[in-house]
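# Analysis of the macromolecular model
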Amino acid sequence: MKVNLRYILLFFVIAAIFGLTPLTRAMSPVLSPGLERLVSNSNSISDSLVDIVVFLDGSGLKNQISKVETKGLSHHELIQEITSTLRAYQTPDADLILRFLNSRSAQPVKKYWVVPAMTARLPVSHLETLATMSSLELVVENATLSYESPVEIKTAPMVSASVSTQLQLLNVPSLWQKGLTGTGRLICSFDTGVEQDHPALALKWRGNNAELSASWFSKVRPDSNPTDKIGHGTHTMGIMVGSVDDDTIGVAPDAEWISAGVIDQGRDLNTTISDIIEAFQWALDPDGDSTTTEDVPDVILNSWGIPKGLFTPCDQTFTTVISNVEAAGIVTVFAAGNEGPNSTTMRNPADMSLTPLTSFAVGAVDNNSEIAGFSSRGPSSCDENEIKPEVVAPGVSVRSSDKDGGYKVMSGTSMAAPYIAGLVALMRQYNPNATVEEIKNALIASAVDLGQAGEDNAYGHGLVDASELIKNLPDPNAIDFELSDMNISDDGIASPGETFELNLIITSSSNLIGTVNGNLISTDIDGATILSEESSFSFGHESHLATATTPFTICLNDNLYNGIEIPLNLCIESTFFSPADTVEFILEVGISPGGIFATHSTNQIDLTVSDFAQYGLASGSIYNVDGDGFRVNGSNNLLYEAGIILGHDAANLSTSIRDSLGHYAPSDFAPNSQLSDSYIGAQNGDHRVAVFSDMTNDILSGITIRQETISYPYIDDNGMVIFRYHIINNTEDDIEGLSFGMMVDYDLMKENDRVVHDSNINLMYQITDSGPYVGLVGLSNINSSCAINNSVTESCFSDSNLFESISSSSVNETNDTTAGDWLFIVGSGALTVLSNDSVEIALAMVGGSTYEALIANTNSAHDLYRISTNVTDTDNDILPVRCELHQNYPNPFNPTTNIDFNLTCGTEVTLEIFNILGRRVKTLYSGYLDSGSHRFEWDAVNEKDDAVATGVYFYKLSTPSQSETRKMLFLK
């Protein structure tokens with residue numbers, strides 16, 4: 001049978017008075033007085049069962065917790081370390097005690113991690129054996145507890161249009177005026193529950209946006225929303241957070257709440273000690289995930305206590321659990337009790353005073369700041385020199401929410417303590433990282449002395465003045481902000497000359513909750529003008545991200561170029577922290593280049609080329625990235641746009657020119673290997689090579705383009721740049737009907753140009769009355785050309801128009817004297833590119849101050865191209881008839897050898913050396929090579945230029961279509 005402790009204790013008291021039972025047996029240091037008396041009378045009730053809570057020796061754990069507290073971690077970091085430390089705590093003695101309890105308990109043993117403790121139902125006859133076991137700290141009966149019931153309850157009006165006398169007495173509105181209303185903070189109560197759907201509380205319950213289990217703890221009704229059969233917990237929660245429109249009853253009306261219904265939840269008996277321990281454990285980690293911290297409350301209001309006489313004075317049943325919870329950053333506040341006015345009338349654990357701030361207790365005063373007669377007094381039962389309570393707050397005739405959606409006026413220290421708990425939420429909003437000690441010290445330092453001069457056992461340090469709290473708290477730690485994202489209005493591009501709205505999203509390094517103000521500043525006064533520079537950012541719970549409530553407005557100067565970076569500073573300020581933080585970030589103007597670019601220069605021309613198939617790229621062009629454009633003899637830029645077109649048909653087309661509306665469009669081509677540095681080749685030509693494909697379009701899969709651009713600064717007729725394109729088929733299938741083209745839009749004198757086509761030298765050129773002359777020359781596989789007048793608006797092309805222009809084999813014999821703004825399109829016609837083969841297309845952009853210079857440069861382009869290909873109409877027989885890797889010579893060799901091979905077509909090539917174990921020693925070449933014979937030398941060194949050892953080596957030639965390997969011998 002289960003023993004009712006109240007009757008047993010009464011029996012022992014009566015028996016002691018009349019001498020019916022010997023109370024002379026030595027008391028066990030670990031058993032509570034009630035359990036000791038049970039053991040002393042074990043002969044009569046040895047088979048009875050008693051519910052107990054077993055506390056293990058936690059000294060080692062306390063040392064670990066102490067080390068965690070001194071690490072200087074933030075509030076939330078502490079929670080994670082504390083929970084992991086507590087969960088990991090275990091000793092051999094603890095295992096032995098657990099096995100003992102498991103073998104003798106009449107119900108499953110329950111373990112806790114918030115404190116090294118466990119509960120069991122044990123026969124009284126086994127208590128004495130348990131008491132002798134090592135590593136025990138305390139064994140107590142799992143006794144029932146009660147809440148601090150009000151001394152007065154009266155009906156109250158449903159609405160009050162004014163701020164309550166109690167809130168004004170505490171000067172709470174002074175903090176509201178600073179924006180401190182509890183936004184983003186979380187309050188927890190250990191009480192009779194809360195009526196969740198009360199109008200003053202419903203919208204503030206964390207369970208509206210979180211799991212029920214992380215927002216409500218109840219051993220009786222765990223699966224229903226919070227309820228309150230008594231009304232006491234609803235009243236105290238209203239004092240902390242309650243509000244409706246035009247009626248604020250709570251200290252922190254914008255805070256959220258969770259609750260543990262641990263007292264009088266409709267059961268025959270009140271909550272037991274183990275239920276309170278489990279509630280503390282829940283509050284330390286409500287969602288069961290110690291890596292999250294947003295679910296952890298800032299403060300726990302405790303409206304319960306152990307009645308006097310049940311345990312010994314200064315009983316330490318809850319010492320460890322409260323210490324651990326506060327070590328994790330959760331402030332615990334206790335109602336002092338309603339058993340006054342005599343001294344030493346406070347309940348445990350409110351009267352504990354093991355340290356100056358342990359069990360922060362709150363007494364009650366009336367609206368005249370006089371101590372209420374019912375308010376329990378100190379000193380602490382632990383030490384008569386330790387004064388209690390710590391502070392007082394209004395607790396007489398307090399109007400707040402009640403069950404059934406109504407309101408009541410109540411009096412008691414349970415009404416006073418919620419005011420202090422609510423102030424903790426406001427303090428944490430100001431400084432989220434304020435420690436428990438800092439918060440309690442600020443409350444004490446802000447108290448106005450009442451009663452006897454100095455601290456006393458009725459008023460403690462006095463009545464808290466909320467207006468002084470912020471002064472006594474440390475300034476918030478500097479909070480670092482970063483830019484998380486930015487959004488630009490309309491098309492998402494900040495184009496030169498455009499006025500646009502900029503939405504910013506920032507992230508906070510801390511668990512900042514509330515609103516901060518942002519001021520946007522441009523450090524480049526020549527680049528951007530900020531028209532609307534201020535906005536605010538609101539951080540919500542469970543998110544470190546905040547979006548500007550209103551966008552910033554910026555106007556960019558029209559002389560900026562695409563890809564230029566405008567430095568901006570966002571200065572972030574708030575009353576919640578200091579100093580202000582500045583977020584530096586870059587606004588990228590326009591569309592950044594898809595690769596890199598460089599300029600070919602001779603004494604006649606300058607031309608900027610790229611590895612993304614767009615050319616010119618200067619101020620005044622369709623796409624200005626601060627290139628040099630096309631200049632003839634030092635002129636201004638003459639090239640508005642130039643790019644290429646490639647496709648099978650109108651539905652499968654890739655381009656690097658304007659879109660169908662005539663606007664700039666990013667190139668469909670992106671570099672496989674970026675534009676090379678310049679190098680000097682045959683005829684002292686200045687070469688730059690790039691390889692790109694239409695990877696951003698993904699239509700012409702399998703096609704790669706090798707672009708080689710050549711200028712000749714060391715010859716006389718050097719006013720040209722040759723473009724050699726190798727269209728490479730990387731697939732196993734032949735590609736038929738492929739067409740290639742180039743569009744060039746020169747601007748000489750806008751709307752006063754004329755265009756001429758000279759079929760003898762395949763030259764399309766533009767002239768004006770005063771020069772200069774510019775043109776486009778077809779050198780290889782250019783079979784069609786057309787000129788288009790776009791004087792009224794910039795011409796735009798449908799895909800059908802473009803494909804028709806480049807696939808046609810007709811030549812437009814244009815000799816148009818009509819003044820206008822002209823552009824050229826030249827094309828290859830239909831091409832066939834064999835599997836793993838390539839086709840070359842060549843053009844040249846030419847210019848000259850006179851017609852004669854233009855023609856001379858055109859002829860020079862033809863001659864130089866013919867020489868560079870080393871092919872004439874009569875010597876095709878010099879090309880290799882098949883790809884072949886020859887034996888190296890000499891072989892064996894020391895110190896060098898030559899490796900020769902033939903290519904029947906231009907292709908990508910890799911030539912590698914391997915040792916006898918198959919490990920690569922050296923890559924002699926990797927890249928594109930033209931058709932013909934090639935030779936490379938190996939000097940018997942590896943990639944690090946270290947000499948290799950004597951032995952057998954292999955050299956391997958690889959192309960997309962084949963590979964071949966031969967053996968050679970190196971002898972020292």
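Note that this is a predicted model, so its numbers are computed, not measured. (Residues numbered from 1 in each chain as written. Predicted model: local features only at pLDDT ≥ 70, side-chain atom pairs only at ≥ 80, totals over all residues. Heavy atoms only, no water.)

### Things to note about the overall build of the protein
Across its full length, the protein carries 16 helices and 56 strands. Relative to its 972 residues, the protein shows a buried fraction of 57%. Sequence-distant contacts, at least 24 apart, represent 70% of the contacts inside the protein between residues at least 6 apart. For the protein, the accessible surface area stands at approximately 38,600 Å², while carbon and sulfur atoms represent 47% of it. (Helix = DSSP H or I, 4+ residues; strand = E, 2+ residues; numbered from the N terminus. Buried < 20%, exposed > 50% of the residue type's maximum accessible area, 1.4 Å probe, protein only. Contact = heavy atoms within 4.5 Å. Areas by Shrake-Rupley, 256 points an atom, 1.4 Å probe, with all protein chains shown as cover.)

### A closer look at the pairing of strand 14 (residues 331-335)
Counting buried positions over the five residues of strand 14 gives five, a clear majority of the element. Neither face of strand 14 is left uncovered, since the one carrying V331, V333 and A335 and the one carrying T332 and F334 both have all their residues buried. Both strand 12 (residues 299-302) and strand 14 contribute to a ladder of four bridges, which runs parallel. Within the sheet, the bridge partner assigned to L301 lies in strand 14 and is V333. In the sheet, strand 14 pairs with strand 15 (residues 360-365) via three bridges, with the strands oriented parallel. Its bridge partner being in strand 15, V333 is matched across the sheet by F360. (Pairing = 2+ DSSP bridges.)

### Observations regarding the packing of helix 10 (residues 232-241) against helix 13 (residues 413-430)
Each pair of packed helices can be summarised by the angle the axes make with each other and by the distance between the axes. Their axes nearest at 8 Å, the elements helix 10 and helix 13 cross at an angle of 40 degrees. Handedness of the crossing formed by helix 10 with helix 13: right-handed. Seen from helix 10, the contacting residues are H232, H235, T236, I239 and M240; seen from helix 13, they are S414, M415, P418, Y419, A421 and G422. Looking at the contact of helix 10 with helix 13 residue by residue, the classes come out as six nonpolar, five polar and no charged. (Axes fitted to C-alpha atoms, helices over the stretch in contact; angles between N-to-C directions. Left-handed = near helix turned anticlockwise from the far one by under 90°. Nonpolar A, V, L, I, M, F, W, Y, C, P; charged D, E, K, R; others polar.)

### As for the side chain of T858
The residue T858 is located in helix 16 (residues 851-869) in this model. On the accessibility criterion, T858 (0% relative accessible area) is buried. Beyond its immediate chain neighbours, meaning those up to four positions away, T858 contacts I761, L763, V777 and V846.

### Remarks on the confidence of the model for the protein
Averaged over all residues, the pLDDT of the protein is 86; the fraction at 70 or higher stands at 87%. In this model residues 1-27 is a low-confidence stretch, pLDDT under 50, and it forms 33 contacts with partners more than four residues away in sequence or in other chains. Taken together, the stretch residues 871-881 has pLDDT below 50 and engages in 11 contacts with residues farther than four places along the chain or on a different chain. (pLDDT = per-residue confidence, 0-100.)

### Structural notes on the sheet that holds strand 53 (residues 920-929)
Spatial strand order, 53-52-55-56: four strands in an open sheet with antiparallel pairing. Every other strand in the sheet has two partners, leaving strand 53 and strand 56 (963-970) as the edge strands with one partner each. In this sheet, adjacent strand axes meet at a mean angle of 15 degrees when their direction is disregarded. Across eight bridges, the pairing between strand 55 (residues 951-958) and strand 56 is antiparallel. Along strand 56, the bridge assignment pairs S958 with S963.

### Quick notes on the packing of aromatic side chains
Counted by the stated rule, this structure contains 20 aromatic pairs. When the ring of W304 is compared with that of F334, the centres are 5.7 Å apart and the planes differ by 70 degrees; the resulting orientation is edge-to-face. Note that W304 is positioned in strand 13 (residues 304-305) and F334 in strand 14, a separation of 30 residues in sequence. We note that W304, like F334, is buried. (Phe/Tyr/Trp six-rings, centres within 6.5 Å; stacked < 30°, edge-to-face > 60°.)

### Examining the nonpolar core
In terms of nonpolar packing, the biggest core is built from 70 residues, with V172, I187, V362, I420, L423 and L443 touching the most fellow members. With 12 residues, the single largest contributor to this core is helix 13. Ranked by size, the runner-up nonpolar core spans 46 residues in total, among them F55, A117, L284 and A350. (Core = buried A, V, L, I, M, F, W, Y, C linked by side-chain atoms within 4.5 Å.)

### Examining a negative patch on the surface
A cluster of acidic residues, E732, D733, D734 and E736, forms a negative patch at the surface. Here D733 lies in the loop between strand 40 (720-729) and strand 41 (735-746). For D733, a relative accessible area of 55% corresponds to the exposed category. (Patch = residues over 30% accessible without salt bridge, like charges linked within 9 Å, V, L, I, M, F, W, Y side chains within 5 Å. Salt bridge = Lys/Arg side-chain N within 4 Å of Asp/Glu carboxyl O. Lys, Arg positive; Asp, Glu negative; His and termini not counted. Charge placed at Lys NZ, Arg CZ, Asp CG, Glu CD.)

### Let's talk about the pattern of salt bridges
Taken as a whole and assessed by the stated rule, the structure comprises 22 salt bridges. Note that R121 and D51 form a salt bridge whose closest N and O atoms lie 2.8 Å from each other. One end of the pair, R121, is in strand 3 (residues 117-123); the other, D51, is in strand 1 (residues 49-56), with 70 residues separating them in the sequence. Judged by its relative accessible area of 22%, R121 falls in the partly exposed class. The shortest N-O distance in the salt bridge between R724 and E840 comes to 2.8 Å. Residue R724 is located in strand 40, and its partner E840 is located in strand 49 (residues 838-848); the two are separated by 116 residues in the primary sequence. On the basis of relative accessibility, which here comes to 6%, the residue R724 falls in the buried class. Judged by relative accessible area, which is 14%, E840 ranks as buried. Here the salt bridges share partners, and the residues they tie into one network are K110, K219 and E278.

### Focus on the packing of helix 13 against helix 14 (residues 436-445)
It is the contact of helix 13 with helix 14, at a shortest axis distance of 11 Å, that shows an interaxial angle of 120 degrees. The orientation of helix 13 with respect to helix 14, classified from their angle, is oblique. As for the relative orientation of helix 13 and helix 14, their crossing is right-handed in sense. Of the residues in helix 14, those touching helix 13 at I420, V424, M427 and R428 are V436, I439, A442 and L443. (Parallel < 35°, antiparallel > 145°, perpendicular 65-115°, else oblique.)

### What to know about helix 11 (residues 273-284)
Helix length check: helix 11, at 12 residues, gives a terminal C-alpha distance of 17 Å against a target of 16 Å (1.5 Å per residue), a fit within 8%. Those residues of helix 11 lying buried are I273, S274, D275, I276, I277, E278, A279, F280, Q281, W282, A283 and L284. (Expected span 1.5 Å × (residues − 1).)

### A word on the state of the cysteines
In the structure shown here, the tally under the stated rule is one disulfide. Linked covalently through their sulfurs, C314 and C382 form a disulfide whose S-S length is 1.8 Å. Taking the torsion about the S-S bond as the criterion, the C314 to C382 disulfide, at about 95 degrees, is right-handed. Of this pair, C314 sits in the loop between strand 13 and helix 12 (319-327) while C382 sits in the loop between strand 15 and strand 16 (391-394), placing them 68 residues apart in sequence. (Disulfide = S-S within 2.5 Å.)

### Re the sheet that holds strand 50 (residues 884-885)
A sheet is described by the order of its strands in space; here three strands give the open sequence 50-51-54, paired in antiparallel fashion. Edge positions in the sheet fall to strand 50 and strand 54 (932-938), since each of these pairs with one other strand and no more.

### Digging into helix 10
Of all 10 residues making up helix 10, 10 are buried, and the element is well covered by its neighbours. Buried residues of helix 10: H232, G233, T234, H235, T236, M237, G238, I239, M240 and V241, and no others.

### A word on the pairing of strand 38 (residues 686-693)
Judged by how many residues are buried, strand 38 sits mostly within the fold: eight of eight residues are covered. Here strand 38 shows a buried face lined by D686, R688, A690 and F692 and a second buried face lined by H687, V689, V691 and S693. Sheet topology note: the strand 36 (residues 670-673)/strand 38 ladder contains three bridges and is antiparallel. Bridged to A670 within strand 38 is S693. Here two bridges tie strand 37 (residues 679-680) to strand 38, and the two strands are oriented antiparallel to one another.

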